[in-house]
Amino acid sequence: MPELPEVETIARGLAQNLTGDVIESVWLGSKPEPLKSRPGEIVRALEQARIAGVRRVGKHIVVDLSRRSPAAGHKKKQVLRFAQDDNAKAQWIVHLGMTGQLLIANPEHELPKHTHAILRLRSGRELRFVDPRRFGRLAVVRHGFAAPGAEPLEVSFGSFANLFRRRKTPIKSALLNQGLLSGVGNIYADEALFRAGVRPRRRAASLTRSELKRLYDALKEVLREAIAAGGSSVSDYVDSNGDAGFFQFQHRVYGREGEPCLVCKTPVKRIVISGRSAHYCPNCQK
Ligand SMILES: [Zn+2]
């Protein structure tokens, strides 16, 4: 499942490639699951809209749309109509779920199986949403999209520490709670806890101020390094150009059950916390 660094990588690639392009027409597949807004609503918001920008909010890709400025001549009337057009500043929100991909392709490129949406662009290219397992979601919103949790790369240490006060859940589960922090998933939670020297099963509220500070720094560090490496290519993740990321080669505990800890050579342990696997070094993490 793509986490924050992968979504950031994809959003940056899309922003570089698509900003300024215009969506000429939209095709949506017949499977209902990927569509969180009504199909007609999605088509109306996207068709003839200009892509003003693409960015990541939590684990969502947000495509900011704008309508073309009114033609000269009938300016006053059209400005009025423009202001009343509730699609004028719509946003297209994409959540990739487990296996979703947004791929830029030429129309002659073979259409992958499980393509659920195709945006035909003025530049002649297509933006395709492909998702074999159909946990991904497409939606349009008109009033500014916000993720529920704090942004891990922007949150202050004070606010970060406050998130975990009086929380009795394991720190690992608290890190994965999207209502607290937005976009942190299994890989980067395990990696950050390893770097911070904190066991995943520790109660969140039991972490000392200095442990919280180590975790805060480690989480930012691991996310930044992963973004720089283009994300982790586990399962079938690729960015918008179909390229893999490389951060999986820097995982220190995630997916390394039974292998020696890179610091002390103790075998890495894997446990299950609320249905999710957690990897840690029983010697380095307290
Ligand atoms: Zn160790």
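Structural notes, computed from the coordinates. On a predicted model such as this, the values are computed, not experimentally measured, just so you know. (Residues numbered from 1 in each chain as written. Predicted model: local features only at pLDDT ≥ 70, side-chain atom pairs only at ≥ 80, totals over all residues. Heavy atoms only, no water.)

## Quick notes on the coordination of the zinc ion
1) Next: For the zinc ion, the full set of protein donor atoms is C261 (SG), C264 (SG), C281 (SG) and C284 (SG), at a range of 2.2 to 2.4 Å.
2) Next: One can describe the site at the zinc ion as tetrahedral: its 4 donor atoms subtend angles covering 101 to 114 degrees at the metal.
3) Next: As a motif over one chain, the donors of the zinc ion read C-x2-C-x16-C-x2-C. Here C261 is found in the loop between α7 (209-228) and β9 (269-273), whereas its partner C281 is found in the segment after β10 (276-280), with 20 residues between them in sequence. (Donors = N, O, S within 2.8 Å, 3.2 Å for Na, K, Ca; no water. Tetrahedral: all angles 85-135°; square planar, octahedral: opposite > 155°, others 65-115°. Helix = DSSP H or I, 4+ residues; strand = E, 2+ residues; numbered from the N terminus.)

## With respect to the sheet that holds strand β6 (residues 115-121)
1) Next: An order of β1-β6-β7-β5 is seen for the 4 strands of this open sheet, with the pairing classed as antiparallel. Strand pairing shows two members of the sheet lacking a second neighbour, β1 (23-28) and β5 (101-105), which therefore form its edges. Averaged over all pairs of adjacent strands, the angle between strand axes in this sheet comes to 20 degrees, irrespective of strand direction.
2) Next: Sheet topology note: the β6/strand β7 (residues 126-130) ladder contains 5 bridges and is antiparallel. Counterpart to R120 in the pairing with β7 is E126.
3) Next: Contacts between helix α1 (residues 4-18) and the sheet are confined to β5, β6 and β7, with β5 contributing the most and set at about 25 degrees to the helix.
4) Next: Where helix α2 (residues 39-46) meets the sheet, its contacts fall on β1 and β6, and the angle it forms with β1 comes to roughly 165 degrees. (Pairing = 2+ DSSP bridges. Axes fitted to C-alpha atoms, helices over the stretch in contact; angles between N-to-C directions. Contact = heavy atoms within 4.5 Å.)

## Here we look at the sheet that holds strand β3 (residues 60-66)
1) Next: In spatial order, the strands read β2-β3-β4-β8; together these 4 strands make up an open sheet with antiparallel pairing. Two strands bound the open sheet, and with one partner strand each, they are β2 (50-57) and β8 (137-141). Each strand of the sheet is rotated relative to its neighbour by a mean of 20 degrees, with strand direction disregarded.
2) Next: Taken together, the 5 bridges between β3 and strand β4 (residues 91-95) define a ladder with antiparallel strand orientation. Residue H60 lies in a different strand from β4, and its bridge partner there is H95.

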